[in-house]
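# Reading the structure
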Amino acid sequence: NDPGRYPNAEPECIDLRRVTASRALGETMLFKVRSAIKYRTDSPGCPAAKVGASLVTNPNSVHLCKGDIVGLVDIENGIQEGSCEVGEFTPYKRN
């Protein structure tokens with residue numbers, strides 16, 4: 001858990017238009033919506049979700065939902081290294 005943040009009710013989807021940052025950490029993906037809220041989703045068995053991978057979503061979609069597929073691209077060489085299914089979102093709000 002992120003110090004100073006606590007979980008709220010889990011939404012099915014997040015609004016991609018409000019995401020200001022995202023990153024992959026092992027099997028965990030984090031999405032920052034605004035300074036006070038972060039969403040965490042876990043994708044067990046996703047070998048491509050490594051530090052240094054950029055998350056790529058469908059450019060025609062404004063929402064990212066549980067079950068959607070996210071591409072993972074190596075930011076150094078721009079090559080897609082795989083894809084992962086999005087799990088349940090857990091929102092964390094700053095106290």
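Conventions we followed
Starting from 1, residues in each chain are numbered consecutively following that chain's sequence as written. At least 70 in pLDDT is required for a residue's local features to be given in this predicted model, at least 80 for side-chain atom pairs to be given and counted, and no such filter applies to totals for whole chains, interfaces and linings, which use all residues. Side-chain descriptors were evaluated using all non-hydrogen atoms of the structure, hydrogens and water having been removed beforehand. Counting rule for disulfides: a pair of cysteine sulfur atoms within 2.5 Å. Secondary structure elements follow DSSP: runs of H or I no shorter than four residues count as helices, runs of E no shorter than two count as strands, and numbering proceeds from the N terminus. To form a nonpolar core, buried Ala, Val, Leu, Ile, Met, Phe, Trp, Tyr and Cys residues must be joined to one another through side-chain atoms within 4.5 Å. Note on exposure labels: buried denotes an accessible area under 20% of the residue type's maximum, exposed denotes more than 50%, and partly exposed covers the range between, all computed with a 1.4 Å probe on protein chains only. Throughout, a residue-residue contact means that at least one pair of heavy atoms, one from each residue, lies within 4.5 Å.

All right, on to the state of the cysteines then. Within the structure shown, the criterion is met by one disulfide. Residue C13 pairs covalently with C65 via a disulfide, S to S 1.9 Å. Between C13 and C65, the S-S torsion sits near 105 degrees, and that sign places the bridge as right-handed. In this pair, C13 is assigned in strand β2 (residues 13-15) and C65 in strand β7 (residues 63-65), connecting sequence segments 52 residues apart.

Core analysis: the largest hydrophobic core is formed by 17 residues, its most contacted members being F31, Y39, L55, L64, L72 and F89. Counting residues per element, the ones that place at least two in this core are β4 (28-34), β5 (37-42), β6 (53-56) and β8 (69-74). The leading source of residues in this core is β4, at three residues. Each residue touching L55, except ones within four places of it in the same chain, is listed here: S22, R23, A24, M29, F31, V70, G71 and L72.

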